[in-house]
Amino acid sequence: MIDISILDVFPVLLKGVSVTIQVLVLSAIFSYLIAFIAGFGRLSKNVLVRKFTGFYIEIFRGTSLIVQLFWFYYAIPMLFNVQVGSELMAGVLAISLNYGAYMSEIVRGSIIAVDKGQREAATALNMTRFQQMRLVILPQAVRMMLPEFGNYLIQILKATSLVSLIGMTDILYHGNMLRSTNIAMAPTIYLLILVFYFILALPLIFLTRKAEDISKKGVASS
Amino acid sequence: MNWKWDMFFDAFPFVVQGLWITIALTFASYLFALLFGFMWTFLKRIPNKPLNWLVTWVMEFIRSTPPLVQLFFIFYAWPMVPGIGMTLSPFTSAIVGIGIHYSTYISEVYRSGIESVGKGQWEASRALNFTRWQTWRKVILPQALPPTIPMLGNYLIIMFKEVPLASTIGVTGILHMANTYGAHHFRYLEALTIVAILFLVLSYPAAVLVRKLEEKMNRRFDKNEILKEDKGVVM
């Protein structure tokens, strides 16, 4: 019986941190990008664009992330007879399309929530539609989006643990590997994995609180 | 394109077998979360600084770590914990794991509902010499809970979509069935698509329903807002 302690578990899990962070950063970037594209798409003047983005959002919000992940990893290569590429690509694609769909609703909601008078004033100043959006609406809307964006960042971090299921060597993957050889150490391993994720989440939690402060500061309307 | 309809129709009855487990697990873990959420809300209202701090951070810990890891913890690690540990079936583990994770979110919903009840209501109850229990039962909760119904409905849908995580510990819901079918026939495409369709077909109407409910609620509360302002001197 090999006795292992926290000190033995720690370095094993540490090997997975870089993969988790890599997936987190890539997914976050693409999620925000997709959120803005889809958010604007829903507000487009073009009916076709509006309907298409609406369709995309409902599909991805209506099914679960784990199903989408498996679908991207197992089904798409079969459907089109192509290799999607790496697990990384399938993972990031699934996570960002899923959370992009959720966050697009925040983008849309915040833009709509900007007071109508602001748009009217901008029109009165003879601004173009693009200028209105860039100079008047967005600076106010982005501020409203910040707290929710922070919350979703934590959600994305939690979602990255799913990529271990398609064979990416993240924190959870290394933990599972270790557990399969040391079943008795399961409590230590999983508790430590949870602590790892929590430590990664801490800066995001504080960032979210900061974002809440920023969004509240100096807003005239109650 | 490499889509086979005969595979689709062959896999469909097989995958659907898991639907009842998925739905049962959804409602069971939802009920667990609703009850556990009450406990968090209650604990947080105890006026004790250290306890408050502890509960807040425990909740934060549960909320910001992956439910998948929590599920593994309960299924693989809990039986190994000396003293209090015990072996739970995959289904029970999933109820507890998913239930506890979402109870922290549900608790926030309760809290927002309770906080939305005006301070005057508490004072009026006190003036009427209500006991603490009477105040909660007759004044606070009847006003605090109805506005939270759409949010609670939302969480039911969210949890429904989180339930397939349980397939990783062997709960034979629809995702598990699809993976079994896929492994057996070396073809995941149709079976996984069926799972996606089932989720969409079940959660989309539910989401529309909740949205309708939300609008209705909003209208009701807006009306109250206007009435309040009419009475005052503001207008």
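None of these values were measured; they are calculated from a predicted model. (Residues numbered from 1 in each chain as written. Chains lettered and ligands numbered in written order. Predicted model: local features only at pLDDT ≥ 70, side-chain atom pairs only at ≥ 80, totals over all residues.)

Here we look at the overall build of chain B
Here is step 1: Helix and strand counts for chain B stand at 10 helices and 0 strands.
Here is step 2: When the helices and strands of chain B are listed from N to C terminus, the series reads α-α-α-α-α-α-α-α-α-α.
Here is step 3: Rg of the C-alpha trace for chain B: 23 Å, well past the compact-globule value of 18 Å for 235 residues, more than 25% over.
Here is step 4: Oriented by its inertia axes, the alpha-carbon framework of chain B measures out at about 70 × 50 × 25 Å.
Here is step 5: Buried positions account for 35% of the 235 residues belonging to chain B.
Here is step 6: Contacts in chain B between residues far apart in sequence, at least 24 positions, make up 75% of those at least 6 positions apart. (Helix = DSSP H or I, 4+ residues; strand = E, 2+ residues; numbered from the N terminus. Rg over C-alpha atoms; globule rule 2.2 N^0.38 Å. Buried ≥ 20, exposed ≤ 12 C-beta atoms within 10 Å, placed from the backbone. Contact = placed C-beta atoms within 7 Å.)

Considering the nonpolar core
One recurring pattern in soluble globular proteins: nonpolar side chains tend to sit buried together.
Here is step 1: Ranked by internal contacts, the top residues of the largest apolar core, which has 115 residues, are Tyr-190 and Ile-193 of chain A together with Ala-178, Leu-192 and Val-195 of chain B.
Here is step 2: Looking at this core, the element that brings in the most residues is helix H4 (residues 87-113) of chain A, giving 12 residues.
Here is step 3: When residues no more than four places from it in sequence are discounted, the contact partners of Leu-192 of chain B are Val-67, Phe-70, Trp-71, Tyr-74 and Ala-75 of chain A together with Ala-178 and Gly-182 of chain B. (Core = buried A, V, L, I, M, F, W, Y, C linked by C-beta atoms within 7 Å.)

Thoughts on the packing of helix H6 (residues 129-160) of chain A against helix H8 (residues 186-216) of chain A
Residue and element names in this part refer to chain A.
Here is step 1: The geometry of H6 relative to H8 is characterised by a closest axis approach of 8 Å and an angle of 170 degrees between their N-to-C directions. In terms of axis orientation, H6 runs roughly antiparallel to H8. From H6, Arg-143, Met-144, Leu-146, Pro-147, Phe-149, Gly-150, Asn-151, Leu-153, Ile-154 and Leu-157 reach across to H8, where they touch Tyr-197, Leu-200, Ala-201, Leu-204, Ile-205, Leu-207, Thr-208, Ala-211, Glu-212, Ile-214 and Ser-215.
Here is step 2: Counted by class, the contact of H6 with H8 contains 15 nonpolar, 4 polar and 2 charged residues. (Axes fitted to C-alpha atoms, helices over the stretch in contact; angles between N-to-C directions. Parallel < 35°, antiparallel > 145°, perpendicular 65-115°, else oblique. Nonpolar A, V, L, I, M, F, W, Y, C, P; charged D, E, K, R; others polar.)

Focus on the interface of chain B and chain A
Here is step 1: Facing the 35 residues of chain B at the interface are 32 residues of chain A.
Here is step 2: Per-element tally for the side of chain B that touches chain A: the top contributor is helix H10 (residues 189-231) of chain B, with 9 residues.
Here is step 3: The class makeup of the residues in the side of chain B that touches chain A is 24 nonpolar, 7 polar and 4 charged.

Concerning H8 of chain A
Here is step 1: Counted at 1.5 Å a residue, the expected span for H8 of chain A with its 31 residues is 45 Å, and the 44 Å between its end C-alpha atoms agrees.
Here is step 2: If you look at H8 of chain A, its biggest bend is around 35 degrees, right at Ala-201 of chain A, and the proline Pro-203 of chain A turns up within four residues after that.
Here is step 3: Of the surrounding secondary structure, the elements contacted by the buried residues of H8 of chain A are helix H1 (6-42), H6 and helix H7 (171-181) of chain A together with helix H4 (67-77) of chain B. (Expected span 1.5 Å × (residues − 1). Bend = angle between axes of the 7 residues up to and from the residue.)

A few points about the UniProt feature "transmembrane region" (unreviewed entry) in chain B
Residue and element names in this part refer to chain B.
Here is step 1: Per the UniProt record, "transmembrane region" (unreviewed entry) is found at residues 20-42, 54-78, 84-102, 163-182 and 188-210.
Here is step 2: Note that residues 163-182 is 45% helix and 0% strand, and that its end C-alpha atoms are spaced 20 Å apart.
Here is step 3: Taken end to end, residues 188-210 comprises 96% helix and 0% strand; its first and last C-alpha atoms sit 33 Å apart. (UniProt positions renumbered as here; feature names shortened; annotations may be inferred.)

Structural notes on unusual backbone geometry
Here is step 1: Although it is not a glycine, Asn-126 of chain A adopts a positive phi angle of roughly 65 degrees.
Here is step 2: Structurally, Asn-126 of chain A is set in the loop between helix H5 (116-124) and H6.
Here is step 3: The exposed category is assigned to Asn-126 of chain A, around which 7 C-beta atoms lie within 10 Å.
Here is step 4: Phi is positive for Asn-129 of chain B, which is not a glycine, with a value near 65 degrees.
Here is step 5: Here Asn-129 of chain B shows up in the loop between helix H6 (119-127) and helix H7 (132-144).
Here is step 6: On the neighbour-count criterion, Asn-129 of chain B (7 C-beta atoms within 10 Å) is exposed.

Structural notes on the UniProt feature "domain: ABC transmembrane type-1" (unreviewed entry) in chain B
Here is step 1: Under the local residue numbering, the UniProt record ascribes the feature "domain: ABC transmembrane type-1" (unreviewed entry) to residues 19-210 of chain B.
Here is step 2: Measuring from the first to the last C-alpha atom of residues 19-210 of chain B gives 22 Å, for a span that is 78% helix and 0% strand.

Focus: the confidence of the model for chain B
Here is step 1: On average, residues of chain B score 89 in pLDDT, and 93% of them are at 70 or above.
Here is step 2: Across the assembled chains, the prediction reports ipTM 0.89 with pTM 0.89. (pLDDT = per-residue confidence, 0-100.)

Regarding H6 of chain A
Here is step 1: For H6 of chain A, with 32 residues, the first-to-last C-alpha span of 38 Å runs short of the 46 Å given by 1.5 Å per residue.
Here is step 2: The sharpest bend along H6 of chain A measures roughly 50 degrees and falls at Ile-137 of chain A, with the proline Pro-139 of chain A sitting one to four residues further on.

Here's the deal with the packing of helix H2 (residues 19-45) of chain B against helix H8 (residues 149-162) of chain B
Residue and element names in this part refer to chain B.
Here is step 1: Packing of H2 against H8 leaves a shortest axis separation of 9 Å and a crossing angle of 130 degrees. Comparing their axes, H8 and H2 come out oblique. Every pair of crossing elements has a handedness; the one defined by H2 and H8 is right-handed. Across the interface between the two elements, Thr-26, Ser-29, Tyr-30 and Ala-33 from H2 touch Leu-156, Met-159 and Phe-160 from H8.
Here is step 2: Tallied by class, residues from the contact of H2 with H8 come to 5 nonpolar, 2 polar and no charged. (Left-handed = near helix turned anticlockwise from the far one by under 90°.)

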